[in-house]
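As a plain string of letters, each chain reads:
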Amino acid sequence: MTTRSITATNLARNFSDLLNQVRYQHVTLEVMRGNELIAYVSPAPLAAGYPIAQLDRLLAGLPRLSAGESQQFLDDIHQGVIDQPVERDAWPS
């Protein structure tokens, strides 16, 4: 990642272009006012996790359950629902 020093005036005048450099070229900008460093503009960290838009592709690539495994999975879900405690209403009417 590259770091560039720029003036606050330059940042204000070329904001869109400089943001594009930060985003696409992974440049960090040190913003100076006179001889004083006042800010950094740097790329945002990458989001953690798996992109939801690719979830179908991920699931399609997983191995299929057999009929018996599918039934056992469904039974496990039903049992989990039954085993959940019923919560009392914290705000009775």
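Residues numbered from 1 in each chain as written. Predicted model: local features only at pLDDT ≥ 70, side-chain atom pairs only at ≥ 80, totals over all residues. Heavy atoms only, no water.

Asks: Requested: an account of the overall build of the protein, with residues and values cited.
Replies: Counting its secondary structure elements, the protein contains 4 helices and 3 strands. Counting from the amino terminus, helix and strand elements in the protein follow one another as β-α-α-β-β-α-α. Counting only C-alpha atoms and orienting by the principal axes, one finds that the protein spans roughly 70 × 50 × 20 Å. Buried positions account for 12% of the 93 residues belonging to the protein. (Helix = DSSP H or I, 4+ residues; strand = E, 2+ residues; numbered from the N terminus. Buried < 20%, exposed > 50% of the residue type's maximum accessible area, 1.4 Å probe, protein only.)

Asks: How would you explain the sheet that holds strand 3 (residues 36–41) if you had to name every residue and give the values?
Replies: In space, the 3 strands of this open sheet follow the order 1-2-3, with mixed pairing throughout. On the outer flanks of this sheet lie strand 1 (2–7) and strand 3, each paired with one strand and no other. On average, each strand axis in the sheet is inclined to that of its neighbour by 25°, with strand direction left out of account. Pairing analysis gives 5 bridges linking strand 2 (residues 27–33) to strand 3, with the strands arranged antiparallel. Its bridge partner being in strand 3, leucine 29 is matched across the sheet by valine 41. Its contacts with the sheet place helix 2 (residues 15–25) against strand 1, strand 2 and strand 3, and it is angled at close to 145° to strand 2. (Pairing = 2+ DSSP bridges. Axes fitted to C-alpha atoms, helices over the stretch in contact; angles between N-to-C directions. Contact = heavy atoms within 4.5 Å.)

Asks: Could you give an account of the environment of asparagine 20, with specific residues and numbers?
Replies: Here asparagine 20 is to be found in helix 2. In this structure, the C-alpha to C-alpha distance between asparagine 20 and alanine 60, residues 40 residues apart in sequence, is 36 Å.

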